[in-house]
Structure formats: C-alpha cells, structure tokens
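# Remarks on the overall topology
Given next are the chains, with one letter for each unit.
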Amino acid sequence: MLLVEDDDLMRRSFTVALERYGYEMKAAADGLTGLELFREESFDLLILDVMLPGLDGIGLCRRVRETSLVPVLMMSARGDGLDVVAGLEAGADDYVVKPVDTYVLVARIRSLLRRATYAPLPGPGQAAGEGPPPEGEVLVFGDLSIDTAGMEVFVSGSPVALTPTELKLLLEFAAHPGVVLERHTLLRDVWEYGWDGDSRVVDLCVQRLRRKLGRDRIETVRGFGYKFRR
C-alpha cells in the first residue's frame, strides 16, 4: 500500500498504525515521489493527501488513472470543500477527512479492498451468497453488456475500463434494473457506509459511469436516487 502525505508526523503515525494491522507500507512526502513509486512498484491501494507539494493529490490521482484502476482513497483537511469533489471527479474511490481515527481509516481501506475483489452477481436461480454465476454469463442492456464471470464491461462491443467501485456500483444497478435505488441504499451496499455517509461519493461515481457508459443509462429520480434503465 502506498501512502503519500507531506506531514512528517502524520505520515509516520499512519505508516506505523497500518503496519500494525498487517499492511505492507511504502510512503512518500510529495506527489512526484509518490508517482515515481507508483510507476516502479505494484500497490493494492493508494492513500493520497489532497494538499501535496510539487504535484497535489488530485493531480496525482489523475496521473494514476491514466494507466491504472487501483483503488484510491483521498485524505482531505476540508471535508466540505471543493477538494473532496475534485478528488472524486479525478477518479478517487472514497475519501476521509483529517484528522481521522485509525479504525475509521482501516475500515475504509478494508471496504475498498473488498470492492477490488468483488464477487460476481448470482446467476439465475441462485441466491445471493451461493457463489458466482455460471461461467460466461453475460447481462445485456441494449448496447451495454456485462460479463459477470470475467468482470468485464463492453459498450457496443468495445471494452470499458471501470474502477472496482464503478464496477460494483454498476453491478448493483444491473441487479435492480428499473428500480429506484436511494443514495443511502447505495452507500450501504456499495461503499458499506451507514446513514452518516456522504452522498457526494455516489453522485460523483454515477457521473463517472455516465461518461463511460452513456449519459442516458442511469436516470436521476429527483428527491430519491437513481434508476438503471433496462
């Protein structure tokens, strides 16, 4: 796991705390060094502070997303600021607001890692939790097809690269076509948040899906949430 944080004390404390939870850590104090480490090694997850010298966390996230779908967790000192939205728009999967308790950070990390190894949808006649669908099963919605065995998505036959969070959100929609899903339901089932989750992560992830799949695929139902068109 790669942590990019310019505050020396915070970088050391997070590194030590996460290593105690069993995570193998690498750390960088600025965005350019973090980018070099990312290009040199393989990481299961990135934790990026927004405010970084040289290359800030939002710019670093954009550079990462040019070549990788690795889960990205942003850290912001201004939870209600524009940097949260900018980070999510840049491709981050989630964010935490500093100062953050270690147990909260670990919970978010575990959730992101679970999404990165997300199990496919149940097949016809299968109950949830009974294992993956039969090999080769494909869900088709117009020009959109989802290979639930290979975890691949295609639009008009062309592959579409989705982050783990985008893929899990799409699968949640595909499991309930034509059904309005409220934001708090999506926060619970995709992000594993309670009622205190920030709905901005849902809205921004939906926007990213629309850019990749087509703007008419997911309908906004004002005052309620979103509906996936059959």
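Figured I'd write up the structure that's included with this text. All of these numbers come straight from a predicted model, not from anything done at the bench. (Residues numbered from 1 in each chain as written. Predicted model: local features only at pLDDT ≥ 70, side-chain atom pairs only at ≥ 80, totals over all residues. Heavy atoms only, no water.)

## Comments concerning the packing of aromatic side chains
Put simply, the test is: Pairing of aromatic rings covers Phe, Tyr and Trp, the last counted by its six-membered ring, and requires centre-to-centre distances within 6.5 Å; plane angles under 30 degrees mean stacked, over 60 mean edge-to-face, and any other angle means tilted. For helices the rule is a DSSP run of H or I covering at least 4 residues; for strands it is a run of E covering at least 2, with both sets numbered from the N terminus onward. Categorising residues by exposure relies on relative accessible area from a 1.4 Å probe, with only protein chains included: less than 20% of the type maximum marks a residue as buried, more than 50% marks it as exposed, and the intermediate range marks it as partly exposed.
Evaluated as defined, the whole model comprises 2 aromatic pairs. Seen in terms of ring centroids, F141 and F228 are 5.0 Å apart; in terms of plane orientation they differ by 85°. Their pairing is edge-to-face. In this pair, F141 sits in strand β6 (residues 138-141) while F228 sits in strand β12 (residues 225-228), placing the two residues 87 residues apart along the sequence. Exposure remark for F141: the relative accessible area of 9% places this residue in the buried category. For F228, a relative accessible area of 0% puts it in the buried group. Between F173 and F228 the ring centres are 6.2 Å apart and the planes differ by 15°, which places this aromatic pair in the stacked class. One end of the pair, F173, is in helix α6 (residues 164-174); the other, F228, is in strand β12, and 55 residues separate them in sequence. Residue classification places F173 among the buried residues on the basis of a relative accessible area of 0%. Clustering of aromatic rings is evident, with ring pairs tying together F141, F173 and F228.

## Describing the pairing of strand β7 (residues 144-147)
Rules: In this scheme, strands are said to pair when DSSP sees at least two bridges between them.
Neither face of β7 is open: one carries L144 and I146, the other S145 and D147, and all of them are buried. Judged from the 4 bridges that link them, β6 and β7 form a sheet pairing that is antiparallel. Following the sheet pairing, F141 is matched in β7 by L144. Bridge count between β7 and strand β8 (residues 152-155): 4 bridges; the pairing is antiparallel. Note that in β8 the partner of L144 across the bridge is V155. Connecting the antiparallel pair β7 and β8 is a turn made up of 4 residues, with M151 showing a positive phi of about 55°.

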